Amino acid sequence: MRLGIDFDNTIVCYDELFRKLAVEDGSIAGASLTTKTAIRDSLRSAGREAVWTRMQGVAYGPRLGEAKPFPGVLGFIRLCIRAGWHVFIISHKTRFPYLGERHDLHAAAWAWIERVGLLGGAPDGLSAADVFFEGTKEAKLERIRSCECDFFVDDLPEFLGDPRFPEGVQRILFDPSGEHGADMRFCRMRNWVEADELVGLTRNGPGREGIWGDGRDRFLVPLLKSAGIDRNARWEVLTGGANNRVWRIEGPRSSWALKEYFSRSVGGRDRFESERAFYEWLRVRGIGNAPVPVGWDEENRLGLFEWVEGRRVAVEDVGEDLVRMAIRFVADVNRGRGEGGTGEIPHAAEACFRICEHVACIEDRVRRLERLEDGSELYCEAGAWIRETVRPAWEQTLNVLRENAGGEWDRSLTDWERCLSPSDFGFHNALLRADGRATFFDFEYAGWDDPAKLAVDFLWQPRVRVPRVHWNLWIRGLDEALGWKGALRRRAGWLWPAYRVKWCCIVMNEFLRSGRERRVFSTGGEGWEDRLRGQLEKARVLMAGWRGDDGLGAESEGG
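First things first, this report covers the structure right here in the doc. (Residues numbered from 1 in each chain as written. Predicted model: local features only at pLDDT ≥ 70, side-chain atom pairs only at ≥ 80, totals over all residues. Heavy atoms only, no water.)

Here the focus is the packing of helix 1 (residues 15-25) against helix 3 (residues 49-59). The description of two packed helices rests on the angle between their axes and on the distance between the axes. Relative to each other, helix 1 and helix 3 sit at 125 degrees, their axes nearing to 11 Å. Regarding the angle of helix 1 to helix 3, the classification is oblique. Helix 1 and helix 3 meet at a crossing whose hand is right-handed. Listed contacts from helix 3 to Leu17, Phe18, Leu21, Ala22 and Asp25 of helix 1 are Val51, Trp52, Met55, Gln56, Val58 and Ala59. Looking at the contact of helix 1 with helix 3 residue by residue, the classes come out as 9 nonpolar, 1 polar and 1 charged. (Axes fitted to C-alpha atoms, helices over the stretch in contact; angles between N-to-C directions. Helix = DSSP H or I, 4+ residues; strand = E, 2+ residues; numbered from the N terminus. Parallel < 35°, antiparallel > 145°, perpendicular 65-115°, else oblique. Left-handed = near helix turned anticlockwise from the far one by under 90°. Contact = heavy atoms within 4.5 Å. Nonpolar A, V, L, I, M, F, W, Y, C, P; charged D, E, K, R; others polar.)

What follows is the structure, given as structure tokens:
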């Protein structure tokens, strides 16, 4: 197979770099605009197109070294090469900027590629002969044709939709912010974890050895040694995690939790970096009702935390006191969010800032499950249920949501309306201490997001379900904490029925290869068929309460 990938905004992520440049230029306040697109649109609307063009010349030239690759893209490229694929970088890039100083943009791009370690040839590096920077769009199209690509990934729908685009090439739109609508001419992916789902790439072998068992000694890295952990410490593997491996380590005087982060070579969201950034924010703000990190090991993707004594929260524990603790945690996290210092915190997983983005995210989930093609009886049953039950419910829900949202459908939340969301936030990721206080953990998906998404996810997550009787308490407290002045209830109410469908799909994730790999990583894959059957039944129960309009009714009026 032959795979072509665009360079700028597909392999290289420029959001943080453009934010830095705009702050330095005085174009934006320190915490206002956070994406390249938002900065561009702001400058253009202010009649400062020339400023934007010069800024691009600096970002793509002398400051390119400060830009980071999108999470997972480097691992995905290396995995493709190891699997025997021929991978090309094919980019439309002029040698010099249109305005400003005469920087060599090609030289800057080559330097970046070398710096991140993409070059080197087999077994898992790109050959320099397979990297092309073309001066015109026409030359880029011709290069895709001459390289005989089977797939091509690009961030511009107008390029993929060009009538001159080579026939027979599967076109994939990289759309991390969900900015573009559906287009039947090409597939769409929002992160690099979805790439192998689209190209059909499979992993060989069970993945790298974990800490537990014979491989433990090689993980006695400086991180653990600095905490006094040696071969004599007592290790206990903990169960219940869906995405990672976690151990309790007991020494003579202290105990720790050691977390090894799931690390698919094809990547996707970098859970390790996202969680590290969020914990750093908690540290800076002095927020104490979360585990205290002792240190991080980027090479081995390990996080070491002080051990928290407590028990898992049960459904019967959930009452007003715990809900108020959750509100206080969100309030503390967001206090001072507009004062700067949040530059390292990314968007939350599946962050949505427009109603239509929420819809696109859920539509993608439904569509992927509709395509289940395993030949087993259980997979056929699951796929049929998605198509015959979930799809019609989603279509009806979507019609109501579109009517309710009206002019808000395509409006993007302003920076002050957005929040720092713990994401995947709920009492399933909390410990209850002996004194009744809750400690919250698991922030791999945390980041900037729509507060309405945080609101409805909190109540819909099925593992430790929060009774809807607490809706008023929760939404009112969240609204006050984030300064929405009473407007959050309406937006969250619109999204409530749509997120029933989303959570139904989340429960069904393990029918997809990406979900299956995470589960096998964390558990070893025991009882897989029974696990899938149980997830299908949970999804059916979740959808069983669907009533058509599915609004927040009288049962939510307490609290």
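So much for the structure itself; the text now carries on.
For a regular strand, side-chain orientation follows a simple rule: the groups alternate between the two sheet faces. Of all 5 residues in strand 13 (residues 302-306), 4 are buried; the element is thus mostly enclosed. The pairing of strand 12 (residues 293-297) with strand 13 spans 4 bridges and is classified as antiparallel. Along strand 13, the bridge assignment pairs proline 293 with phenylalanine 305. (Buried < 20%, exposed > 50% of the residue type's maximum accessible area, 1.4 Å probe, protein only. Pairing = 2+ DSSP bridges.)

Here we come to the packing of aromatic side chains. The tally for this structure, following the rule as stated, stands at 31 aromatic pairs. Between phenylalanine 329 and phenylalanine 425, the aromatic rings sit 5.8 Å apart at their centres with planes inclined by 20 degrees, giving stacked as the arrangement. Of this pair, phenylalanine 329 sits in helix 11 (residues 320-334) while phenylalanine 425 sits in the loop between strand 15 (419-421) and strand 16 (430-432), and the two are 96 residues apart along the sequence. Judged by centre distance (3.9 Å) and plane angle (20 degrees), the ring pair of phenylalanine 458 and tryptophan 474 falls under stacked. Taken together, the residues span a long stretch of sequence, with phenylalanine 458 in helix 14 (residues 451-460) and tryptophan 474 in helix 15 (residues 471-482) at a distance of 16 residues. (Phe/Tyr/Trp six-rings, centres within 6.5 Å; stacked < 30°, edge-to-face > 60°.)

Further remarks concern the environment of aspartate 424. By the element assignment, aspartate 424 lies in the loop between strand 15 and strand 16. What makes aspartate 424 partly exposed here is its relative accessible area of 27%. Between the alpha carbons of aspartate 424 and aspartate 457 there is a distance of 7.2 Å; along the sequence they are 33 residues apart.

What follows deals with helix 10 (residues 271-285). Taking 1.5 Å of rise per residue, the 15 residues of helix 10 would be expected to cover 21 Å, and the 21 Å separating its terminal C-alpha atoms lies within 8% of that figure. For helix 10, every residue scored as buried is listed here: Arg271, Phe272, Ser274, Glu275, Ala277, Phe278, Tyr279, Trp281 and Leu282. A side-chain oxygen of the first residue of helix 10 lies 3.2 Å from the backbone nitrogen of phenylalanine 272; this N-cap is aspartate 270. The first or second residue beyond helix 10 is glycine 286, which carries a positive phi of 70 degrees. (Expected span 1.5 Å × (residues − 1). Polar contact = N/O pair within 3.5 Å; in protein donor to acceptor, adjacent residues only side chain to side chain.)

For the rest of this paragraph, the subject is helix 4 (residues 73-82). Among the 10 residues that make up helix 4, 7 are buried, leaving the element largely enclosed by the rest of the structure. For helix 4, the set of buried residues is Val73, Leu74, Phe76, Ile77, Leu79, Cys80 and Ile81.

This part is about the pattern of salt bridges. This model, assessed by the stated rule, comprises 47 salt bridges. Here arginine 491 ties to aspartate 450 by a salt bridge, and the two come within 2.8 Å at their closest N and O atoms. Residue arginine 491 is located in helix 16 (residues 488-507), and its partner aspartate 450 is located in the loop between strand 18 (447-449) and helix 14; the two are separated by 41 residues in the primary sequence. For arginine 491, a relative accessible area of 3% gives the class buried. (Salt bridge = Lys/Arg side-chain N within 4 Å of Asp/Glu carboxyl O.)

Judged by nonpolar contacts, the single largest core of 94 residues is most densely connected at Phe427 and Trp474. Residue contributions to this core peak at 12 residues, all from helix 16. Aside from chain neighbours lying at most four places away, what touches phenylalanine 427 is Val313, Val318, Leu322, Val323, Ala326, Phe440, Phe458, Gln461, Val464 and Val466. Ranked by size, the runner-up nonpolar core spans 46 residues in total, among them Tyr14, Tyr60, Ala109 and Phe151. (Core = buried A, V, L, I, M, F, W, Y, C linked by side-chain atoms within 4.5 Å.)

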